[in-house]
Amino acid sequence: ASVRGHIHRYEAGVRQDNFAFSRGANYLALAVSDGVGNAKASHLGSAFASRTVVESESLLRDIVSARHPADVSLRDIATLLRSVATDAGVEGGDVSTTLTAAVILDNQSQAGETSVVLAQIGDSPAYRLSRGEWIELSCPALQSRPGDLIDNSVNPLPGHFMASVWVETFHPGETLVLVS
């Protein structure tokens, strides 16, 4: 679901986050985007980014083919977002948005496990709900170690277009949750 937050409702602002999904022959693709709050047309960027990634067979193929912690270029979405900005009469940064996509593969193992390939730009998190516990999912290559400084900066589209990609295995009874 996607709703305007309390402050956006109070200020009569637009909903800056968006989601989309599509079903293919052997997968379900989901995406969540969250427009960057200080970007004046970020709602346009979030709607476009989430819809575009789930509708692009070639982008989904690129994401799935990574199959281990890696980076995948979503330069095409960044380029198209700049066109969206131009059409709206704003700068490219004004449509800035995060993007988290999940491709759930129809390849259940005999144990009922399901593979999910995740791609992330920015800070819209993904969670595993397992036995009542919420577990935040993140790319193993980006996980911090004890003592590391935590970087809370957001590197959104279209300025950044390299998505971190990794695979998670879900067991029966576990739930994937994408949020903004």
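The rules behind these values
Residues numbered from 1 in each chain as written. Predicted model: local features only at pLDDT ≥ 70, side-chain atom pairs only at ≥ 80, totals over all residues. Heavy atoms only, no water. Helix = DSSP H or I, 4+ residues; strand = E, 2+ residues; numbered from the N terminus. Buried < 20%, exposed > 50% of the residue type's maximum accessible area, 1.4 Å probe, protein only. Contact = heavy atoms within 4.5 Å. Areas by Shrake-Rupley, 256 points an atom, 1.4 Å probe, with all protein chains shown as cover. Expected span 1.5 Å × (residues − 1). Arc of directions from axis to C-beta. Pairing = 2+ DSSP bridges. Axes fitted to C-alpha atoms, helices over the stretch in contact; angles between N-to-C directions. Core = buried A, V, L, I, M, F, W, Y, C linked by side-chain atoms within 4.5 Å. Salt bridge = Lys/Arg side-chain N within 4 Å of Asp/Glu carboxyl O.

Attention now goes to the overall build of the chain. Looking only at helices and strands, the chain has 4 helices and 9 strands in total. Sorting the 180 residues of the chain into buried and exposed places 43% on the buried side. Of all intrachain contacts in the chain linking residues separated by at least 6 positions in sequence, the fraction that spans at least 24 positions is 70%. Summed over all atoms, the accessible surface of the chain reaches about 10,000 Å², with 50% contributed by carbon and sulfur.

The end-to-end C-alpha separation of helix 4 (residues 75-88) is 20 Å, in line with the 20 Å expected for 14 residues at 1.5 Å each. Of the residues making up helix 4, those classed as buried are Ile 77, Ala 78, Leu 81 and Ala 85. Burial along helix 4 is one-sided: seen end-on, the buried residues are contained in an arc of 100°. Facing away from the buried side of helix 4, by more than 90 degrees, are the exposed residues Thr 86 and Asp 87. The elements touched by buried residues of helix 4 are helix 2 (42-55), helix 3 (57-66) and strand 4 (99-105). Directly beyond the C-terminal end of helix 4, a positive phi value near 75° is found at Gly 89.

The next subject is the sheet that holds strand 1 (residues 17-23). Strand order in the open sheet formed by 6 strands is 1-2-4-5-8-3, and the pairing between neighbours is antiparallel. In this open sheet, the two strands that pair with only one neighbour each are strand 1 and strand 3 (70-73). When the angles between neighbouring strand axes are averaged without regard to direction, this sheet yields 25°. Across 7 bridges, the pairing between strand 5 (residues 114-121) and strand 8 (residues 162-170) is antiparallel. Looking at strand 8, one finds that Leu 118 is bridged to Trp 166. Sheet strands in contact with helix 3 are strand 2 (27-34), strand 3, strand 4, strand 5 and strand 8, and its direction is about 165° off that of strand 3.

The next point concerns the nonpolar core. Counting residues in hydrophobic clusters, the biggest one holds 31 residues, and the most contacted among them are Val 53, Ile 63, Leu 74, Ile 77, Leu 99, Leu 157 and Val 165. Excluding anything up to four places from it in sequence, Val 165 contacts Ile 63, Ala 66, His 68, Pro 69, Ala 70, Val 72, Val 117, Leu 118, Ala 119 and Cys 139. Listed in part, the 12 residues of the second largest apolar core include Val 32, Ala 126, Leu 137 and Trp 166.

Right, let's get into the sheet that holds strand 6 (residues 126-130). The strand order across the open sheet formed by 3 strands is 7-6-9, and the pairing between neighbours is antiparallel. Strands at the two margins of the open sheet, each flanked by one partner only, are strand 7 (133-137) and strand 9 (175-178). If you compare each strand with its neighbour and ignore which way they point, the axes differ by 30° on average. Two strands pair when backbone bridges link them, and strand 6 and strand 9 are joined in this way by 4 bridges, in the antiparallel orientation. Across the sheet, Tyr 127 pairs through a bridge with Val 177, a residue of strand 9.

Here the focus is the pattern of salt bridges. Two side chains bearing opposite charge may form a pair once their charged atoms approach each other closely. Taken as a whole and judged by the stated rule, the model has 3 salt bridges. The residue Asp 106 makes a salt bridge to Arg 23 at a minimum N-O spacing of 2.9 Å. Separated by 83 residues along the polypeptide, Asp 106 in the loop between strand 4 and strand 5 and Arg 23 in strand 1 bring together distant segments of the chain. For Arg 23, a relative accessible area of 54% corresponds to the exposed category. One salt bridge connects Arg 128 with Glu 174, and the closest N-O pair in it is separated by 3.0 Å. With Arg 128 in strand 6 and Glu 174 in the loop between strand 8 and strand 9, this residue pair connects regions lying 46 residues apart in the sequence. By sharing partners, the salt bridges in this structure join Arg 128, Glu 168 and Glu 174 into a single network.

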